[in-house]
Amino acid sequence: MPGFEIEDRQMLKVFGRYSLPREYVETAVSIILRVPALFILEAWYKSDSSVALQNTTHDVKYIALLAYYSIVILAVVLATFPLEKLVYLYMYTISLGLIFGEYYLSNQYTTVEEQSGKDVDDSLLAALHDYDISKRMILHLCGQCICGTVAAFLLDISDWRKYLLLVFTTPLIARLCGLPVRDLSAVHNFATIFAILIVLFFSCNKLSHGLRLLKDGLLQVKEAVNEFGYIAVVISYWYAVMLPIQLLIFWTSLFLSHLYVFCHTKNIPVDGRLLVLLAAIGESCATPISLFALCIAISYFSYYILTLTKVFLLGREGLMQDNDLMRGWTEGFTMMLIALQTGLLDLKPLERAFLMSVLLFIVVSSLVQSMYEITDPILLVLSASHSRSLSKHLRVLAVCTVLWVSPLYMTYEICQYFDLDFWLMIIISSCILTSVQVIGSLLVYWLFLYDTLRTETWERLDDVVYYIRSTVRILEFIVAVFVVCFGIKESYLSEWSWLNSGILMIHCYFNVWQRLQTGWKTFLLRREAVNKIESLPEATSEQLLSHNDVCAICYHDLNSARITKCGHYFHGCCLRKWLYVKDVCPLCHKHITDSVPVKTDKFARDLQNVNNINDLLDFQDYAEEELESENDSEDSEDEEEAVMVAAAVQ
């Protein structure tokens, strides 16, 4: 390829100055060369075969219909051919375009000469005596030679056959020989037919090779499907040709072209720019292909927004630890699901633009929730880690402020333009809950921050945090119940549909029943832990002075403590968090309550079935194996428990 030189197996030297990895260059070229296939499919889907064939005669109708559907085959070839063959295909296509350029120049020359009506003598070179004719002849001859030379270079023709590509110079030669103007069109038509024959012969020569390549490719796909399955083959193709990047480039180009047309063909007032933006987005998802590309573009946009949020909060460390490649796909999937449910493709352009505002509102709501899921653990860890970095605290507080203000603002704006229905109620409730969750996390953050400034242990901190989080959960449950009641009211009073009923049932199960179960289990576990703590004696001042040690869970001084039955001292709040995990002493693993372990009961029941000495020996071996496996599992559980309790204490 001109300008490129292979330096070694892994690097490509570009224009003799820049060295780039060969793999990167090939990937970029492959993506660029395959994107036009998406534009071809987009244009083909928007076209109408009946309109395309209405002006054709009966004898060429089937040929035109075959050519119409062969466009899809061309797009599939562009999307699936190997890169090397694809480069050759583009070279042939560019060469065909150059030949068409020669035809255009010849047609223009013939037309201009006929309109001039200047005849010359039939003697050789008589046309050169007229300045206008000779100037026009030289310019067109140079254009024909340039197009023919480049086409021969791309087709790799170096013998006498390259001169056949100069067939459209015959009208110039005929004019130079003194042929009358009225006969130039016949010479031009002869050159056109001759050029078509050349293209057909060349195509037939290469078509057999292309069909063999297509056959081999289909056989390879069939073998791969039989061995790995359809899903594995699709996923392999998805990553091999970088299809998401292709769709992103395709949709971005489509959107920018529509936006350019809308902005330069109409006088747009300042307050109408948002509508123009929505119209450009709506026009860029008028087919299933462009709609799918829009969802991919939203996924990439969401991924980079969430990644930048994490980098903003943690700095370079957040980028180095970032390994969540599926981030952002939730927003793209949400867009696809709601677009299909609302029938976006069947709407008119203006209706699609207004509906796009609602769909983007839903996507932004989901994006804000995802940003909160990234920010919340960073916020809590920062408050409990005694970090003195003011910039970290300011950054995380700035993000939290945006996260609780923006959903409320979006809710206010969307309610100004649309009537409240079931779908809008779900969206608004999600935004309100996000704001409530962020405010709850900020309250916990300030409590933890206040606790780090205290010199003594705050015994009631866990209770206050529990009350705040319980309040948030109760508000979430109330909002979920309200949405369910509103949905039932809408289904009863307005038009009923299976989809709304299905969404309502899913909402009832996950947002009402699951929340109720989780909250009740948490309440029971906490009440049980509190009862166990209250059953343990509280250490006196003399006992604490005699013990003179720190809490084995949080490693802070023991200003107050609870004494277990095995004689170990712990903070009451720390031991309560431990009891959420397991009902044993953190140091000696003895049961804090009087309950008998299940394993002992099991051994007692098995021992009753022993009838002779052989059964007793078998039982002894079985019991030793069970105890050994139990000890191994307890060791692994202890490690997990230590991590869980350490996180709970923080």
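These figures come from a predicted structure and were not determined experimentally. (Residues numbered from 1 in each chain as written. Predicted model: local features only at pLDDT ≥ 70, side-chain atom pairs only at ≥ 80, totals over all residues. Heavy atoms only, no water.)

Student: Tell me what's going on with the overall build of the protein chain, and back it up with residues and numbers.
Tutor: Assigned secondary structure in the protein chain consists of 22 helices and five strands. Every one of the 650 residues in the protein chain was classed for burial, and the buried ones make up 35%. Pairs at least 24 residues apart make up 66% of the contacts formed inside the protein chain by residues separated by at least 6 positions. Counting every atom, the protein chain has about 40,000 Å² of accessible surface; 65% of that belongs to carbon and sulfur. (Helix = DSSP H or I, 4+ residues; strand = E, 2+ residues; numbered from the N terminus. Buried < 20%, exposed > 50% of the residue type's maximum accessible area, 1.4 Å probe, protein only. Contact = heavy atoms within 4.5 Å. Areas by Shrake-Rupley, 256 points an atom, 1.4 Å probe, with all protein chains shown as cover.)

Student: Could you give an account of the confidence of the model for the protein chain, naming the residues involved and the relevant values?
Tutor: Per-residue pLDDT for the protein chain has a mean of 78; in total, 78% of the residues score no lower than 70. Per-element confidence in the protein chain ranges from a low mean pLDDT of 41 for strand β1 (residues 4-6) to a high of 91 for helix α11 (residues 288-314). In this model residues 1-9 is a low-confidence stretch, pLDDT under 50, and it forms 14 contacts with partners more than four residues away in sequence or in other chains. When the criterion is pLDDT under 50, residues 595-605 qualifies, and its contacts beyond four places in sequence or with other chains add up to 11 contacts. (pLDDT = per-residue confidence, 0-100.)

Student: Tell me about unusual backbone geometry, and please be specific about residues and values.
Tutor: Backbone geometry at D156 places phi at a positive 60°, although glycine is not the residue there. Using a relative accessible area of 66% as the deciding quantity, one classes D156 as exposed. Of note, H589 is a non-glycine position whose phi angle comes to about 65°, a positive value. Locating H589 in the fold gives a position in the loop between α20 (572-581) and α21 (598-607). For H589, a relative accessible area of 33% puts it in the partly exposed group.

Student: With reference to specific residues and values, describe helix α14 (residues 349-384).
Tutor: Counted at 1.5 Å a residue, the expected span for α14 with its 36 residues is 52 Å, and the 52 Å between its end C-alpha atoms agrees. At T375, α14 shows its maximal kink, close to 25°; a proline, P377, follows between one and four residues later. Within α14, 26 of the 36 residues are buried, which leaves the element mostly enclosed by the surrounding structure. (Expected span 1.5 Å × (residues − 1). Bend = angle between axes of the 7 residues up to and from the residue.)

Student: Tell me about the nonpolar core, residues and numbers included.
Tutor: Among the nonpolar cores identified, the biggest contains 63 residues, and L294, M335, L344 and M356 are the most heavily contacted of them. When residues of this core are traced back to their parent elements, those giving at least two are α1 (22-46), α9 (243-265), α10 (273-283), α11, α13 (329-342), α14, α15 (390-417) and α16 (422-453). Those residues in contact with M335 that sit more than four places away from it in its chain are L294, C295, I298, M356, L359 and V363. Within the second largest apolar cluster, 21 residues are counted, among which are Y569, W578, L579 and V584. (Core = buried A, V, L, I, M, F, W, Y, C linked by side-chain atoms within 4.5 Å.)

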